[in-house]
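Here are the chains, one letter per residue:
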Amino acid sequence: MADTAARNGSSPGWPTKLLGCVTGLIGLVLAVGGAWLAVVGGSPYYLITGVAMMASGWLLYRRRMLGAWLYIVVVAATILWAFWEVGTNGWALVPRVIAPLVLLIAVLLVMPLMSVRADRWKLAGGAIAAVILLTAVTGFTLGRINQPRVQAALPAASGVMADPALLQAGTDWPAYGGSESARRFSPLTQITPANVASLEQVWLTHTGDMPSSAAKGTYGAENTPLKIGNTLYVCTPKSIVIALDPATGRQRWRFDPRVPDTAIPYTAACRGVSYYAVPDAAPATACARRIIWGTLDARLFAIDASTGKPCQDFGSNGQVDTKIGMGQTPPGYVSINSPPTIVQGVAVTGHQVLDGQDRWAPSGVIRGFDAVTGKLRWAWDMMHPDWNGYPPPGQTWARGTPNMWTAASGDEQLGLVYLPMGNAAADYYSGLRRPPENFYATSLVALDVRTGKPRWRFQAVRKDVWDYDFGAQATLVDYRGTPALVLPSKQGDIYILDRRTGKPLTPVGVMRAPGGGVEPDQRSPFQIFSRWHTLRKPELTERDMWGMSPIDQMICRIQFRQASYKGFYTPPESKRRSIEYPGYNGGTDWGGVAVDPRRGVIVANYNDMPNYVRLVPRAEANKLGWAPREQARGNIGGAEGAGDPQAHTPYAIDVNAGWRMKFTGMLCKQPPYGGIRAIDLNTGRTIWDRPFGTARTNGPFGIPSMLPITIGTPNNGGAVVTASGLIFIAAATDNLIRAIDLSTGKTLWQRKLPAGGQATPMVYEAGGREYLVIYAGGHHFMETPVGDEVIAYALPQGRG
């Protein structure tokens with residue numbers, strides 16, 4: 001029955017009609033999409049709700065009170081369904097109930113307009129109360145979820161773990177990972193959990209290396225400086241090395257290798273430089289102390305650590321061209337962005353080969369150069385194991401072989417360097433790979449630094465078509481009295497290996513892997529995994545899909561149902577998308593892990609996102625204009641794998657990194673998207689685990705929400721842990737640097753950075769004062785602001 005108020009016109013009708021249209025339109029979208037979802041085997045909720053909302057919208061448009069009551073029933077049923085489907089998982093409840101509750105408030109507000117009762121405006125009061133209650137409940141729920149979950153006590157300090165590196169972290173930070181053992185640990189204790197809240201910025205300096213118009217969309221500094229004696233050494237995205245006063249940040253000298261923009265590969269980055277002191281050289285001798293690093297255009301430099309002038313005894317005028325012997329190397333294809341690892345006077349370097357371009361891209365050969373003369377001591381080309389130096393005349397190192405784009409670690413005593421190896425060129429197609437490539441790809445390979453020959457290898461993935469190359473340094477530790485290393489992977493597995501032999505010291509299991517894809521005969525029926533510890537979460541289900549509202553969550557559910565997903569190691573397909581989980585950003589990527597050797601604790605930050613992948617047949621890729629960069633690539637930048645040609649294979653590759661909705665930019669998987677965890681090295685048990693990163697810079701359509709809610713964001717860059725029990729880390733996309741309590745996982749201090757902090761910080765002492773330093777350079781892939789600031793923090797003078 002129509003209301004008296006509607007008939008006599010005593011209240012305006014347009015708000016109710018407008019709300020009816022909105023409700024009906026939302027219902028129509030849900031009904032159509034819900035029918036589609038139901039057909040592909042998904043939840044029927046959206047279809048049922050959509051039909052009910054269409055009816056509610058029609059009744060509201062006609063100003064029938066029944067429409068409001070029907071919508072109230074829909075919301076009540078939705079809440080019951082949501083708790084049935086996901087329980088009390090706060091993030092999972094957000095898209096299921098928040099938008100319906102917001103619309104419910106509007107319905108409650110218009111209900112008085114459809115009534116002639118004297119107390120009808122009490123409904124409006126109820127709506128206001130509902131707003132307050134909804135705000136309070138939402139704030140409480142989102143504030144409480146994703147707090148650190150302490151599961152075990154922090155082990156007590158039990159002595160010092162031996163470090164085979166010649167130079168140790170302490171007053172100085174002499175290597176990219178603190179030492180060549182890559183522990184990212186500082187024994188300094190001036191800054192403690194009790195006083196870290198007083199930490200303040202004491203200096204900031206600009207490097208001046210910002211992207212030109214041609215290089216926009218490519219910068220990602222990733223740098224961890226070194227501190228040696230009274231000098232801090234910084235390397236910028238374009239491979240410029242700058243010497244700074246560690247107490248003031250003032251520049252002492254600057255060396256610019258003048259790398260052209262055309263040499264930038266996927267990312268303009270310099271993760272670090274290496275330091276080497278020439279044995280038996282007099283301190284005053286030129287280049288007795290030197291900085292050695294590689295550039296984006298694949299030159300290896302050595303300069304005097306005191307003056308920044310080229311070392312004339314190293315190569316030609318202080319540099320070596322590492323592209324010699326590679327054959328054709330188009331600009332941007334071969335670059336060095338990680339510091340060489342120096343063991344027993346040999347500077348061992350790999351290089352990055354531009355991903356996704358050509359099956360027969362330049363070689364992934366590993367070289368060892370004399371740290372004094374720059375002469376090639378040896379080269380390891382897996383296809384030519386008998387070659388010890390440069391290729392014979394007229395030949396080149398084998399093209400397309402797996403490369404080491406990240407940083408290695410080394411054992412000075414054993415004379416071994418540990419190489420985290422990538423994949424053969426064309427990551428997502430394996431049919432053209434040769435046996436040695438299949439043997440060494442996605443492996444940790446230990447080379448004898450005296451001969452350049454492999455001593456052992458540990459392979460994590462068989463015939464990898466997921467871009468699961470090792471990105472992190474292996475960290476050298478002692479494990480129950482055995483020289484060992486901690487090896488994290490992009491899959492989230494953490495292995496403990498005997499670093500003398502490569503044999504696992506902790507349990508390793510075998511899982512049955514799904515077959516199929518475009519190369520079913522190439523897929524291994526089994527893959528290994530760590531039974532000791534994994535950062536990997538359970539396999540995805542339709543219920544894990546997310547969004548701002550039920551509509552985009554429904555769309556993600558449809559995409560999930562339409563894609564191929566058979567669990568971990570689902571092979572890529574060409575006729576439909578497949579889901580790769582975790583995606584190629586990890587698990588653990590190039591930031592690696594930190595280890596407290598005194599307490600025996602691993603600190604690992606990690607990502608928890610899928611990729612949405614499709615192999616694109618060659619004819620289709622050609623029509624889209626996907627070609628190798630030197631032919632028709634056009635502007636560089638963008639997400640890795642998003643339209644890479646993989647020339648000379650039957651398929652290009654299209655990767656939706658993180659599996660984002662094209663319209664809103666939101667991720668289809670529910671939060672958290674990244675976390676940080678403390679792990680007992682002795683037992684493999686989790687001490688605590690927490691989502692890492694707030695939503696302040698994230699939001700739909702690229703609009704920052706500014707909400708200080710811990711959502712767990714994607715992160716790149718590592719942590720440093722101190723003997724006082726602190727973890728310092730930036731890495732997340734919220735542009736914050738934090739101090740975290742090692743025992744509880746709680747944030748004790750944080751500061752906003754002027755740009756993204758996708759770099760690992762470092763800790764040192766100068767003039768009796770402990771400093772925390774980070775390069776805030778931002779990162780194009782992480783979509784954080786680009787900057788050129790190097791920032792130092794310390795306690796106020798007289799504190800600590």
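Residues numbered from 1 in each chain as written. Predicted model: local features only at pLDDT ≥ 70, side-chain atom pairs only at ≥ 80, totals over all residues. Heavy atoms only, no water.

1. Describing the overall build of the protein chain
Using the following cut-off: Think of it this way: any DSSP run of H or I at least four residues long counts as a helix, any run of E at least two long counts as a strand, and we number them from the N terminus. Partly exposed residues are those whose accessible area sits between 20% and 50% of the maximum for their type, while under 20% is buried and over 50% is exposed, using a 1.4 Å probe and protein chains only. The protein chains shown are the only cover counted for residues, whose accessible areas, like all others here, come from Shrake-Rupley with a 1.4 Å probe. Positive: Lys, Arg. Negative: Asp, Glu. His and the chain ends are not part of the count. Where a charge sits is defined by one atom per residue type, namely NZ (Lys), CZ (Arg), CG (Asp) or CD (Glu).
Along its length, the protein chain carries ten helices and 42 strands. For the protein chain, the spread of C-alpha atoms along the principal axes amounts to about 100 × 65 × 50 Å. In the protein chain, buried positions account for 64% of the 800 residues. If you sum the accessible surface of the protein chain, you get close to 28300 Å²; carbon and sulfur atoms cover 58% of it. Of the side-chain charges in the protein chain, 76 are positive and 58 negative, and the distance between the mean point of each set is 7 Å.

2. Re the packing of aromatic side chains
Where we set the bar: Any Phe, Tyr or Trp ring, taking Trp's six-membered ring, that has another such ring centre within 6.5 Å forms a pair; planes under 30 degrees apart are called stacked, those over 60 apart edge-to-face, and the others tilted. Charge-over-ring placement is defined geometrically: NZ (Lys) or CZ (Arg) within 6 Å of the ring centre, and within 35 degrees of the ring normal.
Scanning all chains against the criterion turns up 23 aromatic pairs. Relative to Trp397, the ring of Tyr390 lies with its centre 5.8 Å away and its plane at 35°, an arrangement referred to as tilted. Measuring from centroid to centroid gives 4.8 Å for Phe439 and Tyr440, while their planes differ by 90°, and the two rings are edge-to-face. For Phe439, a relative accessible area of 38% gives the class partly exposed. Put simply, the rings of Tyr45, Tyr46 and Trp81 pair up and form one aromatic cluster. Sitting above the plane of the Tyr61 ring, Lys17 keeps its charged end 4.3 Å from the centroid. When the ring centre of Phe568 is taken as origin, the NZ or CZ atom of Arg536, which lies over that ring, is 4.4 Å away.

3. Some words on the state of the cysteines
How we decide: Any cysteine sulfur atom paired with another within 2.5 Å is treated as part of a disulfide.
Per the stated rule, a full pass over the model turns up three disulfides. In this model, Cys287 is linked to Cys311 through a disulfide, with the two sulfur atoms separated by 2.0 Å. The sign of the -95° torsion about the S-S bond sets the Cys287-Cys311 disulfide as left-handed. Residue Cys287 is found in the loop between strand S8 (274–277) and strand S9 (289–294), and its partner Cys311 is found in the loop between strand S10 (299–304) and strand S11 (319–321); the two are separated by 24 residues along the sequence. Paired by a disulfide, Cys556 and Cys668 hold their sulfur atoms 1.9 Å apart. Negative torsions about the S-S bond denote left-handed disulfides, and the value of about -75° found for Cys556 with Cys668 makes this one left-handed. Here Cys668 lies in the loop between strand S33 (651–657) and strand S34 (674–680) and Cys556 lies in helix H8 (residues 550–562), a separation of 112 residues in the sequence. For Cys668, a relative accessible area of 0% puts it in the buried group.

4. Quick notes on the environment of Gly757
The condition is simple: Throughout, a contact is declared for two residues whenever any of their heavy atoms are within 4.5 Å.
With respect to the helices and strands, Gly757 occurs in the loop between strand S39 (747–752) and strand S40 (762–766). The sequence separation of Gly757 and Pro237 amounts to 520 residues, and the corresponding C-alpha distance is 14 Å. When residues no more than four places from it in sequence are discounted, the contact partners of Gly757 are Asn716, Ala730, Ala731 and Ile774.

5. Things to note about the pairing of strand S31 (residues 611–617)
Applicable threshold: A pair of strands is labelled paired if DSSP reports no fewer than 2 bridges between them.
Within S31, six of the seven residues are buried, which leaves the element mostly enclosed by the surrounding structure. Examined bridge by bridge, strand S28 (residues 578–580) and S31 share three bridges and lie antiparallel to one another. When the sheet's bridge partners are listed, Ser578 is paired in S31 with Val613. As paired strands, S31 and S33 are joined by seven bridges and run antiparallel to one another.

6. So, the sheet that holds strand S4 (residues 226–228)
What counts is decided by this rule: Axis lines are fitted to C-alpha atoms, over the contacting stretch for helices. Their N-to-C directions set the angle, which ranges from 0 to 180 degrees.
Taken together, the four strands give an open sheet; going across it, the order is S4-S5-S6-S7, and neighbouring strands pair in antiparallel fashion. Where the open sheet ends on each side, the last strands, each with one partner, are S4 and strand S7 (251–255). Neighbouring strand axes in the sheet, compared pairwise and without regard to direction, differ in orientation by 20° on average.

7. With respect to the packing of helix H2 (residues 14–39) against helix H3 (residues 45–61)
The description of two helices packed together rests on the angle between their axes and the distance between the axes. Basically, it comes down to this: Should an angle lie under 35 degrees it is considered roughly parallel, over 145 roughly antiparallel, and from 65 to 115 roughly perpendicular; all remaining angles are considered oblique. For any pair of crossing helices, the crossing counts as left-handed if the nearer helix is rotated counterclockwise from the farther one by less than a right angle, and right-handed if it is rotated clockwise. Each residue is assigned to one class: nonpolar for Ala, Val, Leu, Ile, Met, Phe, Trp, Tyr, Cys and Pro, charged for Asp, Glu, Lys and Arg, and polar for all the others, Gly among them.
H3 packs onto H2 with a crossing angle of 160° between their chain directions and a minimal axis gap of 7 Å. Accordingly, the angle class assigned to the pair H2 and H3 is roughly antiparallel. Where H2 crosses over H3, the handedness of that crossing is left-handed. Across the contact of H2 with H3, the residue classes tally to 15 nonpolar, ten polar and one charged.

8. Quick look at the sheet that holds strand S13 (residues 341–343)
Taken in spatial order, the four strands of this open sheet run S13-S14-S16-S17, and their pairing is antiparallel. At either end of the open sheet lies a strand with only one pairing partner, and these are S13 and strand S17 (376–380). The average undirected angle you get between the axes of adjacent strands in this sheet is 20°. Pairing of strand S14 (residues 346–349) with strand S16 (residues 366–370), which is carried by four bridges, proceeds in the antiparallel orientation. Across the sheet, Thr349 pairs through a bridge with Arg367, a residue of S16.

9. Thoughts on the environment of Arg433
Where we set the bar: By the criterion applied in these results, polar contacts are pairs of N or O atoms within 3.5 Å in which, for protein atoms, one can donate a hydrogen and the other can accept it, and in which residues neighboring in sequence qualify only through two side-chain atoms.
For Arg433, the position within the fold is in the loop between strand S19 (416–420) and helix H7 (435–440). In this structure, Arg433 is in contact with Arg359, Asn423, Ala424, Ala426, Asp427, Tyr428, Asn438, Lys463, Asp464 and Val465, ignoring residues within four places of it in sequence. Separated by 3.0 Å, the side chain of Arg433 and the backbone oxygen of Asp427 make a polar contact. A distance of 2.7 Å separates a polar atom in the side chain of Arg433 from the backbone oxygen of Asp464.

10. A word on H2
Working note: α-helix, 3.6 residues per turn, so residues spaced by three or four point in the same direction. For clarity, the cut-off: In this scheme, a helix's expected span is set at 1.5 Å multiplied by one less than its residue total.
In this model H2 runs 37 Å from its N-terminal to its C-terminal C-alpha over 26 residues, within 8% of the 38 Å that 1.5 Å per residue would give. Directly after H2, the chain includes Gly41, whose backbone phi takes a positive value near 95°.

11. Focus on the pairing of strand S21 (residues 454–459)
As defined by bridge partners, strand S20 (residues 443–448) adjoins S21 across five bridges and the pair is classed as antiparallel. Across the sheet, the residue bridging to Leu447 is Pro454, located in S21. Hairpin connection, S20 to S21: the antiparallel pair is bridged by five residues, and Gly452 has positive phi, about 80°.

12. Comments concerning the packing of helix H5 (residues 90–110) against H8
It is at 8 Å that the axes of H5 and H8 come closest, and there the two elements cross at 150°. Overall, the two elements H5 and H8 adopt an arrangement that is roughly antiparallel. Within the contact between the two elements, H5 uses Pro95, Arg96, Ala99 and Pro100 and H8 uses Pro550, Gln553 and Arg557.

13. Considering the side chain of Asp788
Rules: Salt bridges, as used here, are contacts in which a Lys or Arg side-chain nitrogen is within 4 Å of a carboxyl oxygen on Asp or Glu.
Mapping Asp788 onto the fold places it in the loop between strand S41 (769–776) and strand S42 (789–794). As a buried residue without a salt bridge, Asp788 has its nearest oppositely charged side chain in Arg254, at a separation of 7.4 Å. At 2.8 Å, the side chain of Asp788 forms a polar contact with the side chain of His206. At 2.8 Å, the side chain of Asp788 and the backbone nitrogen of Gly208 are in polar contact. Here Asp788 is in contact with Thr205, His206, Thr207, Gly208, Asp209, Met210, Tyr775 and Ala776, once residues within four sequence places are set aside.

14. Some points on the pattern of salt bridges
Within the structure shown, the criterion is met by 31 salt bridges. The partner of Arg290 in a salt bridge is Asp313, and the shortest N-O contact between them spans 3.1 Å. Taken together, the residues span a long stretch of sequence, with Arg290 in strand S9 and Asp313 in the loop between S10 and S11 at a distance of 23 residues. With its nearest N and O atoms 2.4 Å apart, the salt bridge here joins Arg738 to Asp734. The pair formed by Arg738 and Asp734 is uniform in burial state, with each residue classed as buried.

15. As for the side chain of Asp493
Residue position: Asp493 is located in strand S24 (residues 493–498). Residue Asp493 is classed as buried on the basis of its relative accessible area, which comes to 0%. At 2.9 Å, the side chain of Asp493 forms a polar contact with the side chain of Arg536. Leaving out residues up to four positions away in the same chain, Asp493 has contacts with Leu487, Pro488, Ile528, Phe529, Ser530, His533, Thr534 and Arg536.

Everything listed here is a matter of coordinates, which is why it stays silent on function.
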